[in-house]
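In case you want the letters, here they are:
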Amino acid sequence: MVRNVAGLLPELDDEDFYLLSGVEQGMRFSEWVQREKLPKFTGLTEEEVDYRLERCLKRGLIEKKTIQYEGYTLQFEGYDLLALRALVQRDTISEFGSPLGVGKESDVYEVRSYKPIALKYHREGYTNFREVHKERDYTADRDHVSWMYTARKAAEREHDILETLYPEVSVPRPIDQNRHAIVMEKMDGVELSRAKFEDQQVRGVLELLLSELARAYELGYVHADMSEYNVFVDEGGVTIFDWPQAVPTDHENAGEFLRRDVRNIVGYFTRKYPRVETDDLETETVAGAIEDEQFETLATLE
């Protein structure tokens, strides 16, 4: 988990952010930005660059390496601050709260505007860069791909998908996005993995969830990573979250991803509630989502 750096915002000057932004700009071309290029990237004098480097190094916002040359790279904490400052300046966020969830590819915090909302920092590529680079197609067209670029593209993609799906599909309402950060509606309820239902409720909840997947398909997307860990349940229904890996329905593997999503979620209910018959819902959901001419191929579940 990358530390919460919101408390550093009052400590930093505009020039500190010029330095961080300059390192960010230089990282488009190389993981380590040469010290001699920083005045150009930051608009600061040589002396000011040295002073700001010392301040940012002390706070763990950048890292220094001296091998063939003196170079600097952003830490995720520095990238977090750049995104957070932009969101504060746009009046999207006024207060920073406690963590809501921590995963291998994201950290989520409660923040406030006029009401409690959620801030999600994407972490793709920071600890598992090679795997993400291999699986995510938005990294395929660049020679130099940093964790910073990967996380930003994941956030941009998820925000765009949420804007497409909301409100027809029950997903968190997107509010704003900057760099690798998304601000969205805070979800109520509990994670599906921790929810407990009476036997007579199981089919209703599962049918509701599968109908959301079918509606997302109609609007152009397959989630492609469905599990009991990315669904929230409350009295009002279900909310499906974590969409950066979603694929459009014209993707060559969209049908297989849809079948896998349905199998995963039906399989979870089958394991947890073995007395309730749910297998028939797999074929019904896939058949209802996919056009007639595709039914024979995509609705036959192995």
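Along each chain, residues carry numbers from 1 onward, in the same order as the chain's sequence is written. It should be noted that, the model being predicted, local features are given only for residues of pLDDT at least 70 and side-chain atom pairs only at 80 or more, the latter also being counted only at that level, while totals for whole chains, interfaces and linings use all residues. Heavy atoms from the whole structure form the basis of all side-chain values; hydrogens and water molecules are not counted.

**Things to note about the overall build of the chain**
Stated precisely, the cut-off is as follows: A helix here means a DSSP run of H or I that spans at least four residues, while a strand means a run of E at least two residues long, and both kinds are numbered starting from the N terminus. Think of it in three bands: residues with accessible area under 20% of the maximum for their type are buried, residues over 50% are exposed, and the middle band is partly exposed, with areas taken using a 1.4 Å probe on protein chains only. Should any heavy atoms of two residues lie within 4.5 Å, those residues are considered in contact. Using the Shrake-Rupley algorithm and a 1.4 Å probe, accessible areas are obtained, with residue cover drawn only from the displayed protein chains.
Regarding its fold elements, the chain presents 10 helices and 13 strands. The buried share of the chain, reckoned over its 302 residues, is 51%. Look at the contacts in the chain between residues 6 or more apart in sequence, and 63% of them connect residues 24 or more apart. Summed over all atoms, the accessible surface of the chain reaches about 15100 Å², with 44% contributed by carbon and sulfur.

**Description of the pattern of salt bridges**
Just so we agree on the cut-off: For this document, the term salt bridge refers to a Lys or Arg side-chain nitrogen within 4 Å of an Asp or Glu carboxyl oxygen.
Taken as a whole and assessed by the stated rule, the structure comprises 25 salt bridges. Sharing partners across several salt bridges, the network here consists of D13, E15, D16, E48, R52 and R55.

**As for the pairing of strand β4 (residues 95-102)**
Put simply, the test is: Strand pairing requires that DSSP identify at least two bridges connecting the strands.
Alignment of β4 against strand β5 (residues 106-112), held across five bridges, turns out to be antiparallel. Residue pairing for β5: E95 is matched across the bridge by R112. Turn length for the β4-β5 hairpin, with the two strands adjacent in sequence and antiparallel, is three residues.

**Some points on the sheet that holds strand β3 (residues 70-74)**
What counts, and what does not: As a rule, the C-alpha atoms of each element are fitted with a line to give its axis, helices using only the stretch in contact, and angles between N-to-C directions run from 0 to 180 degrees.
Pairing is antiparallel in the open sheet, where three strands are placed in the order β1-β3-β2. Looking at the sheet topology across the chains shown, the edges are occupied by β1 (33-34) and β2 (62-66). Sheet contacts for helix α3 (residues 46-58): β2 and β3; angle to β2, the most-contacted strand, approximately 110°.

**Side note on the nonpolar core**
Generally speaking, nonpolar side chains in soluble globular proteins are found buried as a group. Short version of the rule: In plain words, nonpolar cores are sets of buried Ala, Val, Leu, Ile, Met, Phe, Trp, Tyr and Cys residues tied together by side-chain atoms within 4.5 Å.
L192, F197, L209, V231, W243, I265 and F269 are the most contacted members of the largest nonpolar core, which has 40 residues in total. Within the residue set of this core, elements represented by two or more residues are α6 (147-165), β8 (181-185), α7 (199-218), β11 (231-234), β12 (237-240) and α8 (254-272). When residues no more than four places from it in sequence are discounted, the contact partners of W243 are E158, I161, L162, L165, V171, A216, V222 and H223. Listed in part, the 27 residues of the second largest apolar core include V5, F41, V49 and C56.

All quantities given are derived from atomic positions and should not be read as evidence of function.
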